[in-house]
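A structural walkthrough
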Amino acid sequence: TAPTTIFSFNTKTEEAKELGRAAVGTQEYITSIDVDSTGRYLYYVPGAHGRSENDGSAVVQFDTKTKTRKVIALLLPFLKEKLGAIPTGTFWTAIDPAGDKLYITWNVKRGTAAWDCCALTVIHIPESERRP
């Protein structure tokens, strides 16, 4: 399987440019990517629809200018320890217009072999993480 790669596409020139790898661990499948209002930062969760827990249920910020990715939150083991919930993947994310909150819906396991419920998390993105 080819690695998940992020590209930019110029609609005027129809030029595509490779920006870099999306995955930060073993999980490549991503179902939702959000861009902040500046167009600089992308946000996503690798391992969508299952297996994100294999990489700590990572929330990733990709800087389109520097072409670097950064894990801004690891929700596992925190949610497992605090709530007994294992976020196993997402099918939807949304960034707040101000760019300071990322909303994520999750498939969640609560001690079963497969997910048995859904959850919503709100990730607060500090201003220091959104500055160039």
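Residues numbered from 1 in each chain as written. Predicted model: local features only at pLDDT ≥ 70, side-chain atom pairs only at ≥ 80, totals over all residues. Heavy atoms only, no water.

1. Quick word on the sheet that holds strand β3 (residues 33–35)
The cut-off we apply is this: A strand pair is defined by DSSP finding two or more bridges across the two strands. Secondary structure follows DSSP: runs of H or I at least 4 residues long count as helices, runs of E at least 2 residues long count as strands, and numbering of each begins at the N terminus. All axes here are fitted lines through C-alpha atoms, helices being fitted over the stretch that makes contact, and every angle between N-to-C directions spans 0 to 180 degrees.
With antiparallel pairing, four strands are arranged side by side in an open sheet as β3-β4-β5-β6. What marks the edges here is a single partner per strand, and that holds for β3 and β6 (68–74). Strand after strand, the sheet turns through a mean of 25° between neighbouring axes, direction not considered. As judged from the four bridges shared by strand β4 (residues 41–44) and strand β5 (residues 58–63), these two strands associate in the antiparallel manner.

2. Side note on the sheet that holds strand β8 (residues 101–109)
If you trace the three strands from one edge of the open sheet to the other, you get β7-β8-β9, paired in antiparallel fashion. The open sheet is flanked by β7 (86–95) and β9 (117–124), the only strands paired with a single partner. With strand direction ignored, the average angle separating the axes of adjacent strands in the sheet is 30°. In the sheet, β7 pairs with β8 via seven bridges, with the strands oriented antiparallel. Residue pairing for β8: isoleucine 95 is matched across the bridge by leucine 102.

3. Thoughts on the pattern of salt bridges
Which entries qualify depends on this criterion: The term salt bridge refers to a side-chain nitrogen of Lys or Arg lying within 4 Å of a carboxyl oxygen of Asp or Glu. Each residue is assigned to one of three classes by its accessible area relative to the maximum for its type, calculated with a 1.4 Å probe on protein chains only: buried under 20%, partly exposed between the two thresholds, exposed over 50%.
As enumerated under the stated definition, the model contains six salt bridges in all. Arginine 21 is the salt-bridge partner of glutamate 28, the closest N and O atoms lying 2.6 Å from each other. The partner of arginine 40 in a salt bridge is aspartate 63, with the nearest N and O atoms 2.8 Å apart. Residue arginine 40 is found in the loop between β3 and β4, and its partner aspartate 63 is found in strand β5; the two are separated by 23 residues along the sequence. Neither residue differs from the other here; arginine 40 and aspartate 63 are each classed as buried.

4. Here's the deal with the environment of threonine 88
Quick reminder of the rule: By the convention used here, residues are in contact when the closest approach between their heavy atoms is within 4.5 Å.
Mapped onto the fold, threonine 88 is located in strand β7. Ignoring anything within four residues of it in the chain, the contact list for threonine 88 reads Gly47, His49, Gly50, Arg51, Ser52, Glu53, Trp106, Asn107, Val108, Lys109 and Trp115.

5. Quick look at the environment of phenylalanine 78
Secondary-structure assignment places phenylalanine 78 in helix α1 (residues 78–83). Assessed through its relative accessible area of 48%, phenylalanine 78 is described here as partly exposed. Residues phenylalanine 78 and glycine 56, 22 residues apart in the sequence, show an inter-C-alpha distance of 9.4 Å.

6. A closer look at the side chain of serine 52
If you trace the backbone, serine 52 turns up in the loop between β4 and β5. Judged by relative accessible area, serine 52 falls into the buried class, the value being 0%. With sequence-adjacent residues up to four places away left out, serine 52 is seen in contact with Gln27, Val45, Pro46, Gly47, Ser57, Ala58, Pro87, Thr88, Gly89 and Trp106.

7. With respect to the nonpolar core
The condition that has to hold: For the purposes of this section, nonpolar cores are sets of buried Ala, Val, Leu, Ile, Met, Phe, Trp, Tyr and Cys residues that join through side-chain atoms within 4.5 Å.
By size, the foremost hydrophobic cluster in this structure holds 15 residues, and its most contacted members are Tyr43, Val59, Leu75, Leu102, Ile104, Trp106 and Ile123. Those elements that place two or more of their residues in this core are β4 and β8. Per element, the largest residue contribution to this core is four residues, and it comes from β8. The next biggest cluster of nonpolar side chains, apart from the first, holds nine residues, and it includes Ala22, Leu42, Ala58 and Val60.

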